[in-house]
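Summary of structural features
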Amino acid sequence: MVVSCGLSNSGIVHHIAYAPSHLPVGVRRLISVRGSVVNPRCEVALERNDDVRSTPAVTSSSVSALEALKTSAADRYTKERSSVMVIGISFHTAPVDIREKLSIPDAQLPHAISELCALNHIEEAAVLSTCNRMEIYIVALSQHRGVKEVTEWMSKVSGVSVSEISQHQFLLHNKDATKHLFEVSAGLDSLVLGEGQILSQVKHVVKVAQGVPGFDRKISGLFKHAITVGKRVRTETKISSGSVSVSSAAVELAQMKLPESSYDSVRVLVVGAGKMGKLVIKHLVAKGCTKMVVVNRTEDKVNAIRDECNDVAIVYQPFSELLSCASESDVIFTCTASETPLFFKEQVETFPTLTSQSQRMFVDISVPRNVDSRVSDLETARVYNVDDLKEVVEANKEDRLRKATEAQLIISEEVHEFEAWKDSLETVPTLKKLRAYAERIRASEFEKCIEKMGDLTKKQKVAIHGLSKGIVNRLLEGPMQHLRSDENEGRTLDEILENMHTLNRIFGLDTEISILEEKIRSKMEKAKNLP
């Protein structure tokens, strides 16, 4: 299996003028000679000839659908190893209007996992949906078909066409998928490098998905390890120190655009007092803002924030006063979970003209956006959204790059550790198959022995049975030991996997193919039973 990401056969990326080396694998922003962004979407391609081969005629009605599948051109899929993959979009690859259409509300995440795992070639799944990304992590029984099924599912639930999704989609699998999630959790793939909110969002995925069928051993293990990596990177590199969150970047951006670069005499409105709203308020206070109006559905959260911010005048207003408050404000921060805009062009153009500055400033850090895109057409308004925060991100670049380099060394270690754990899982089916194979032979020979020996007492039968068990256990002791990872034995993972493949060949276990066949069979049976 080959992954093509706009690479030539020699592996050289064409049309590159600048590709920062610190950006995460698979989502590096490839800048063409003309200065435009080259889409880093990856497409799965097969090394072998994809021409459709003729399918042998089925001469017996007893031939199962799976057996027919194995003798057809689709045989290549049953012989693939299952893969951990990530299929998604992010601010690197898609504008905010595409991201907001594909975003999935928290309440729908368990249902999304269930729907994904109901697809024919998806075994496990998890969804990471934030304002800057919508990424689907899966264990796929077939890379090619898994990508196709997930992309079609994304189209179905969002209303965005498959072709449009494909223009902005990126794809990584196995080690690269692991590395990407670790970088995401560590804040290395965030718009604001090292921001802490993404780690909380990764934790939230685990919390919501725990116990949901399909959030199983590999994907669950991947996300839990990503949380460990995110914590370690922040502790050891201090990458989260300073202004490294979307909310803090929003406050800094607004300050940069103010006439006097100060909040001293500016009328500030914050819409929403949830997690993001609370962070915006705290960063405003840190920047010297001593008075603001907060519009929220209830006053409880605003009171709690007021208690934490001493010597700051925080005035609460209900949502019914939203437009009135906005018309009297110079800078408006919007950070709610509303799925429809709160401000439309027709409303904003009725607001009175400002005397302190030429344009009323809207800083919208919500996805979906709280401020309709047409508001920016007004001469009296200036609208910034999450994509505009890149201006703030450019500050202190040298320090961020140094910390990112340190973080990459940690991530490389953690990727190796996780991949070793994941690969070691491959030996488990072989251990079970080998023991089952030996047990079948032992049981058969034991029965033959008992028949030949005639009348035996119960004690004699037990002794012979114990003898047969003991012989099998002693014979399996060596092979079993060589399939287990034991630091005291000094075996490398490569040696263990080679031992596994050798035993598969010697005893004809065909472990991986058999497992995939069983899983595909199960998927087919479930599909038949659906109403």
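As a starting point, this report considers the structure included with it. (Residues numbered from 1 in each chain as written. Predicted model: local features only at pLDDT ≥ 70, side-chain atom pairs only at ≥ 80, totals over all residues. Heavy atoms only, no water.)

Okay, the overall build of the chain next. For the chain, the count of helices and strands is 20 helices and 14 strands. Look at the contacts in the chain between residues 6 or more apart in sequence, and 69% of them connect residues 24 or more apart. (Helix = DSSP H or I, 4+ residues; strand = E, 2+ residues; numbered from the N terminus. Contact = heavy atoms within 4.5 Å.)

Viewed as axis vectors pointing N to C, helix H7 (residues 175-186) and helix H9 (residues 217-237) meet at an angle of 45°, and their least axial separation amounts to 8 Å. What the angle tells us is that H7 and H9 run oblique. Relative to H9, the crossing made by H7 is right-handed. From H7, Thr 178, Leu 181, Phe 182, Ser 185 and Ala 186 reach across to H9, where they touch Leu 222, Phe 223, His 225, Ala 226, Ile 227, Val 229, Gly 230, Val 233 and Arg 234. Its residues assigned to classes, the contact of H7 with H9 comprises nine nonpolar, four polar and one charged. (Axes fitted to C-alpha atoms, helices over the stretch in contact; angles between N-to-C directions. Parallel < 35°, antiparallel > 145°, perpendicular 65-115°, else oblique. Left-handed = near helix turned anticlockwise from the far one by under 90°. Nonpolar A, V, L, I, M, F, W, Y, C, P; charged D, E, K, R; others polar.)

Okay, the packing of helix H8 (residues 197-209) against H9 next. The description of two packed helices rests on the angle between their axes and on the distance between the axes. Close contact between H8 and H9 brings their axes to 9 Å; oriented N to C, the two are set at 160°. It follows that H8 is roughly antiparallel to H9 by the angle criterion. The two elements H8 and H9 cross, and the hand of that crossing is left-handed. Residues Ile 198, Leu 199, Val 202, Lys 203, Val 205 and Val 206 of H8 touch H9, and the partners they reach there are Phe 223, Lys 224, Ala 226, Ile 227, Gly 230, Lys 231 and Arg 234.

With an omega dihedral of 0°, the bond running from Val 367 to Pro 368 counts as a cis peptide bond. Structurally, Pro 368 can be placed in the loop between strand S13 (360-364) and strand S14 (381-384). Positioned with a positive phi, Asn 174 is a non-glycine residue whose angle comes to about 55°. Since its relative accessible area comes to 23%, Asn 174 is described here as partly exposed. With phi around 60°, Asp 311 is a residue other than glycine that occupies positive phi space. The exposed category is assigned to Asp 311, whose relative accessible area is 77%. (Buried < 20%, exposed > 50% of the residue type's maximum accessible area, 1.4 Å probe, protein only.)

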